[in-house]
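Tertiary structure, described
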Amino acid sequence: MTEKKLPFNQSQLAEIIRQYPTPFHIYDEEAIRKNVRQLLAAFSWAPQFKEFFAVKATPNPTILKVLREEGVGADCSSLPELILAEMSGISGENIMFSSNDTPAEEYRKAREMGAIINLDDISHIDFLEKHAGIPDIISFRYNPGPLMQSGNTIIGYPEDAKYGLTRDQIIAAYRIMQQKGVKRFGIHTMVISNELNPDSFIATANMMFDLIVDIHKEVGISFEFVNLGGGIGIPYKPEQQAVDLFYVGQGIKKAYEDKIIANGLHPLRIAMECGRMITGPYGYLVSTVLHKKEIYKNYVGLDACMTNLMRPALYGAYHHITVVGKENLPADHVYDVTGSLCENNDKFAVDRELPVIDAGDIVVMHDTGAHGFAMGFNYNGKLRSAELLLKPSGKVELIRRAETVADYLATLDI
Ligand SMILES: *Cc1c(COP(=O)(O)O)cnc(C)c1O
């Protein structure tokens, strides 16, 4: 049986729970740091490589600070995300502000902070100029639509996505910016999500390098950076393989040599804005079994619910489950693992083969470090959990307290 490992044993976890009652998310700092270093090492050949962590994945300043210490910036797309980056000591061009349907005040804040603005539409040029002014450096988000020229891999259907500019528009947009006196340019795309095929990322890089060469020829501008987006998947299922970052780095290096260097466009900084692969595998949702019930199916009810982790209910996502202390028992029972919402899709797992579970058991959901806590909500009067950080020393730090009923009521005028 393949089993995913936990960064703590049963007695260490019991000790943590004594201090911080379940449910909570806990993040493994050492594993996050190691993983980031691997990503950076995979691109050490590049003139410069920058990872802008997608703040939406894990919007906690303590995590952002850990990442900043590793040289990582922030990818923001709202005012609060910009403020979280600021609170974490991430500033200026270490922030990329990727707009879409963005209000004026958010552009103003991004400009005030000196963040790199990445526009999502040609019509946003006038909007930005009117409300925040034209910055020194500008980036546009490319949507290749059905063009996907260099990809031999299927990377979704960008023509169905609301994001970015078409090829004709993006060329026109850079021309407009050039006429407005902008001298510094970047370009961005994000066409894949939770992708485990490493060749997809190399295909994206090839597509963007080709586009950079074409825009250089047609408009006469040079680019400082290309941002290839995020979307590196993680092996949620025990039998899946993590993306080989070194392979991706080497594939993109070859494309860089063939296209960027060969066309005299070196140096070009490479950027990514991964969220999921940076923190996802290193977060765990820890909960306690409250109830068992046996009707037409067998259910195990936790003290966590989909407000703590929405992915399974939202898109049927798989999150591996470990029943702590029962790792070596046979998975000879079949359960639906549920939360307490009055919503029948509030299930972390359906028909999951697990060892026998009893009330009081500790159940750990794996891979909740990204798009986990972050997607939380208060439906049914459920409160958001605490977030903890497992330090490299083995100590545990509370990095966000659990919500209280008073927090829930705080916005009411009573
Ligand atoms: C969500 C998002 C990301 C991060 O995606 P991951 O799948 O977490 O890597 C990066 N860039 C943009 C623009 C996004 O919307």
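Not measured: the values here are computed from a predicted model.

**What about the state of the cysteines?**
- Across all of its chains, the model carries zero disulfides by this definition.
- For the unlinked cysteine Cys342, the closest cysteine sulfur is that of Cys305, found at 10 Å.
- The exposed category is assigned to Cys342, whose relative accessible area is 64%.

**Considerations on the site of the ligand**
- Taken together, the neighbourhood of the ligand is formed by Ala54, Lys56, Asp75, Arg141, Met190, Gly230, Gly231, Glu273, Cys274, Gly275, Arg276 and His371.
- One of the side-chain N or O atoms of Lys56 is found 2.7 Å from an oxygen atom in the ligand.
- Interatomic distance of 2.9 Å between a backbone N/O atom of Gly275 and an oxygen atom of the ligand.
- Look at the ligand: alone it shows 390 Å² of surface, and the protein chains cover 88% of it.

**Digging into helix α7 (residues 167–179)**
- The first and last C-alpha atoms of α7 sit 19 Å apart over 13 residues, in line with the 18 Å expected at 1.5 Å per residue.
- Buried residues of α7: Arg167, Ile170, Ile171, Ala173, Tyr174 and Met177, and no others. The buried side chains of α7 occupy one side of the element, clustering within an arc of 160° when seen end-on. Turned more than 90 degrees away from the buried face of α7, the exposed residues are Asp168 and Gln179.
- For α7, the elements touching its buried residues are β5 (116–119), α6 (124–131), β6 (137–142), β7 (184–189) and α8 (198–219).
- One or two residues past the end of α7 sits Gly181, with phi positive at roughly 95°.

**Describing the sheet that holds β7**
- Strand order in this closed barrel of eight strands is β2-β3-β4-β5-β6-β7-β8-β9, and the pairing throughout is parallel. Within the sheet, the average angular offset between the axes of one strand and its neighbour, ignoring direction, is 25°.
- Looking at chain direction, strand β2 (residues 49–54) and strand β3 (residues 73–76) are connected through three bridges and run parallel. From the neighbouring strand, Phe52 faces β3, where its bridge partner is Gly73.
- Helix-sheet contacts for α6 involve β5 and β6, and the interaxial angle to β5 is about 145°.

**Examining the nonpolar core**
- In this structure, Phe43, Phe140, Ile187, Phe209, Ile215 and Ile270 are the most contacted members of the largest nonpolar core, which totals 85 residues.
- No other element matches the eleven residues that α8 contributes to this core.
- Counting contributing residues per domain, this core is built from domain 1 (43–274) and domain 2 (280–409), each supplying no fewer than three.
- If sequence neighbours within four positions are ignored, Ile187 has contacts with Ser139, Phe140, Ile170, Tyr174, Met208, Leu211, Ile212, Ile215, Phe223, Phe225, Val226 and Asn227.
- Within the second largest apolar cluster, 16 residues are counted, among which are Ala304, Leu309, Tyr335 and Met365.

**Some words on the domain arrangement of the chain**
- Taken domain by domain, the chain consists of domain 1 (43–274) and domain 2 (280–409).
- Once you take the C-alpha centre of each, domain 1 and domain 2 turn out to be 33 Å apart.
- Taken together, the contacts link 13 residues of domain 1 with 17 residues of domain 2.
- Across the domain 1/domain 2 interface, buried area totals approximately 1200 Å², and carbon plus sulfur atoms make up 62% of it.
- Considering only the surface of domain 1 that becomes buried against domain 2, Ala57, Asn60 and Tyr236 emerge as the three largest contributors, covering 41% of it.
- The interface formed by domain 1 and domain 2 includes five residue pairs in polar contact (both at pLDDT 80 or more).

What counts and how
Residues numbered from 1 in each chain as written. Predicted model: local features only at pLDDT ≥ 70, side-chain atom pairs only at ≥ 80, totals over all residues. Heavy atoms only, no water. Disulfide = S-S within 2.5 Å. Buried < 20%, exposed > 50% of the residue type's maximum accessible area, 1.4 Å probe, protein only. Near = heavy atom within 4 Å. Polar contact = N/O pair within 3.5 Å; in protein donor to acceptor, adjacent residues only side chain to side chain. Areas by Shrake-Rupley, 256 points an atom, 1.4 Å probe, with all protein chains shown as cover. Helix = DSSP H or I, 4+ residues; strand = E, 2+ residues; numbered from the N terminus. Expected span 1.5 Å × (residues − 1). Arc of directions from axis to C-beta. Contact = heavy atoms within 4.5 Å. Pairing = 2+ DSSP bridges. Axes fitted to C-alpha atoms, helices over the stretch in contact; angles between N-to-C directions. Core = buried A, V, L, I, M, F, W, Y, C linked by side-chain atoms within 4.5 Å. Domains from an automatic or database assignment. Buried area = accessible area lost by both parts, 1.4 Å probe.

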